[in-house]
Amino acid sequence: ARYPAIFAKMTMEKVLTHAMLMTWTGTDASLPPVILMAHQDVVPVNPGTDADWTHGPFGGVVADGYVWGRGAMDDKGSLIAILEAGDALAKSGWTPKRTVIFAFGHDEEVSGAGAREIFALLKSRNVTPVMVLDEGYAVLDNYPLTGKPAALIGVAEKGYISLQITATTEGGHSSRPPRESGAVRIARALVALEEKQMPADLSAPPFNQMIEAVAADLPFVTRVAFANQWLLGSVITGQVSGDASANAIVRTTTAPTMMTGSIKDNVLPQRASAVVNFRIHPNDTVASVTQHVKDVTSHIEGLTVTEYEDGIGSEPSPVSATDSEAYRVLEAVARATGGGEVPV
Ligand SMILES: [Zn+2]
């Protein structure tokens, strides 16, 4: 797609070659600008899995009411929506009162260097926006907790850390294996982490705010349970934890991703390791997650826990205020998008 009208109106600065910082100067310079963000890149496709796709991962095919392809939701959808809206407004002759800034990073999924550089540039210019809107959620037709539509506005971003657990053992030939090889130790560590998840907190934002918003649509039994958490806390926690999306909102998630061991079928690994990716809840920190992993695996001999070398460690973001003008605007837009009656 091409957007000549909006590109003609906005000044364009390329940052780190491919990231785009576009500015549409408003008529009232006293108003703080609004920043709309999206990232242009997507994650790659696992080699050899192209055939598993209903439509090619990079075809951008529109079929059955959906756009099919890698990044259709994360985050080409936001990118295209911002440009479509901007182009339509520019074409209509509208001019913003408040300066509008588009910030399109190019390597979000790898390192986020583009977004960081744009941030540094805006900071050096003393830009203090009234709102920064980045990729977020959507209006869902079928919100898992209510079975009804709901509009979800993301007010925080979880932190991120990948930890590598390594078991160093003697290795040797698989004809005389020791009682507990490195591979077994790693397996035990992963099982321990799976069984001892980071604690869930149903009373912390944003989950408690979400429950408040959809309370009227909750089934009676669920509503009673939420209102009586002192009594039914563990039942509710169990229910919420059983749903992958709800679980991701109430706690730091634990996801083992990479595993390595021996490179030959008859050789014991001298070093076996697993990488576990954690998305950090606002209640936790990189340090508390690292400590959790050490505690939970401390009974297993010969393990070391380190930050994965290619990983990016970042603390969870602060939780954005929901009593701000920016939030009220978003809320109104989300409600209208959902047909006027959806809880937000
Ligand atoms: Zn994304």
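Enquirer: An account of the overall build of the protein is needed here, citing residue identities and associated values.
Expert: Counting secondary structure elements, the protein contains 10 helices and 15 strands. A principal-axis box enclosing the C-alpha atoms of the protein has dimensions of 80 × 55 × 45 Å. Counting over 344 residues, the protein shows a buried share of 35%. Looking at the protein alone, contacts between residues at least 24 apart form 74% of all its contacts between residues at least 6 apart. Counting every atom, the protein has about 19700 Å² of accessible surface; 55% of that belongs to carbon and sulfur. In the protein, 26 positive and 38 negative side-chain charges are present, and the distance between their average locations comes to 2 Å.

Enquirer: Requested: an account of the sheet that holds strand E10 (residues 159–168), with residues and values cited.
Expert: With antiparallel pairing, 4 strands are arranged side by side in an open sheet as E12-E14-E10-E15. In this open sheet, the two strands that pair with only one neighbour each are strand E12 (253–260) and strand E15 (303–307). With direction set aside, neighbouring strand axes in the sheet form an average angle of 25 degrees. Bridge count for E10 against strand E14 (residues 271–280) is 10 bridges, and the pairing is antiparallel. Bridge assignment links Ile161 to a residue of E14, and that residue is Phe278. With respect to the sheet, helix H4 (residues 182–195) is in contact with E10, E12, E14 and E15, its orientation differing from that of E14 by roughly 15 degrees. Packing of helix H9 (residues 286–296) onto the sheet brings it into contact with E10, E14 and E15, and relative to E10 it is tilted by some 30 degrees.

Enquirer: Describe the coordination of the zinc ion, naming the residues involved and giving the relevant values.
Expert: Binding of the zinc ion to the protein goes through His39 (NE2), Asp74 (OD), Glu135 (OE) and Glu135 (OE), at separations of 1.8 to 2.5 Å. Coordination at the zinc ion is irregular, judged from the 4 donor atoms that bind it and the angles of 55 to 131 degrees they form at the metal. Donor residues binding the zinc ion come from one chain and are separated in sequence as H-x34-D-x60-E. Taken together, the positions of His39 in strand E3 (residues 34–39) and Asp74 in helix H2 (residues 72–92) put the pair 35 residues apart, joining distant regions of the chain. Judged by its relative accessible area of 2%, His39 falls in the buried class. Given a relative accessible area of 34%, Asp74 falls into the partly exposed group.

Enquirer: Please give an account of the layout of surface pockets that cites residues and values.
Expert: Taken as a whole, the second largest pocket encloses approximately 330 Å³ of empty space. For the lining of the second largest pocket, the secondary structure elements donating two or more residues are strand E5 (66–68) and H2. Looking at the lining of the second largest pocket, the element that brings in the most residues is H2, giving 4 residues. Residue composition of the lining of the second largest pocket, by class: 8 nonpolar, 5 polar and 2 charged.

Enquirer: Help me get a handle on the environment of Met259, residues and values and all.
Expert: Note on placement: Met259 falls in strand E12. For the pair formed by Met259 and Ser273, sequence separation is 14 residues and the distance between their alpha carbons is 5.7 Å. Once you skip the residues sitting within four places of it in the chain, Met259 turns out to touch Ile186, Leu190, Ser273 and Ala274.

Conventions used here
- Along each chain, residue indices are assigned from 1 in the same order as the chain's sequence is written.
- Local features are withheld for residues below a pLDDT of 70 in this predicted model, meaning they are given only at 70 or higher, and side-chain atom pairs are given and counted only at 80 or more; totals for whole chains, interfaces and linings count all residues.
- Side-chain calculation: all heavy atoms of the structure are included, whereas hydrogens and water are not.
- A run of H or I in DSSP counts as a helix once it spans at least four residues, and a run of E counts as a strand once it spans at least two, with each numbered from the N terminus.
- With a 1.4 Å probe rolled over the protein chains alone, any residue whose accessible area is under 20% of its type maximum counts as buried; one over 50% counts as exposed, and the rest are partly exposed.
- In what follows, a contact means two residues having at least one pair of non-hydrogen atoms within 4.5 Å.
- Surface exposure here means Shrake-Rupley accessible area, sampled with a 1.4 Å probe, where a residue is shielded only by the protein chains that are shown.
- The sign given to each residue is positive for Lys and Arg and negative for Asp and Glu; His and the chain ends receive no count.
- Where a charge sits is defined by one atom per residue type, namely NZ (Lys), CZ (Arg), CG (Asp) or CD (Glu).
- Following DSSP output, two strands are said to pair if at least two bridges run between them.
- Note on definitions: angles span 0 to 180 degrees between N-to-C directions of axes, and those axes are lines fitted to C-alpha atoms, for helices only across the stretch in contact.
- For Na, K and Ca the donor cut-off is 3.2 Å, and for all other metals it is 2.8 Å, counting N, O and S atoms only; because water is absent from this set, sites may look incomplete.
- Labels for metal geometry use angle windows, namely 85 to 135 degrees for all angles of a four-donor tetrahedral site, and for square planar (four donors) or octahedral (six donors) sites opposite donors over 155 degrees apart plus all others within 65 to 115; sites meeting none of these are irregular.
- Only protein atoms enter the 1 Å grid used here. Points where a 1.4 Å probe fits but cannot escape make up a cavity, open sets with protein on both sides within 12 Å along at least five of seven lines make up a pocket, and a residue lines them when an atom lies within 4 Å of a point.
- Grid points are joined across faces, edges and corners, and a volume is the space filled by probe spheres set on the points.
- In this classification, the charged set is Asp, Glu, Lys and Arg, the nonpolar set is Ala, Val, Leu, Ile, Met, Phe, Trp, Tyr, Cys and Pro, and all remaining amino acids, among them Gly, are polar.

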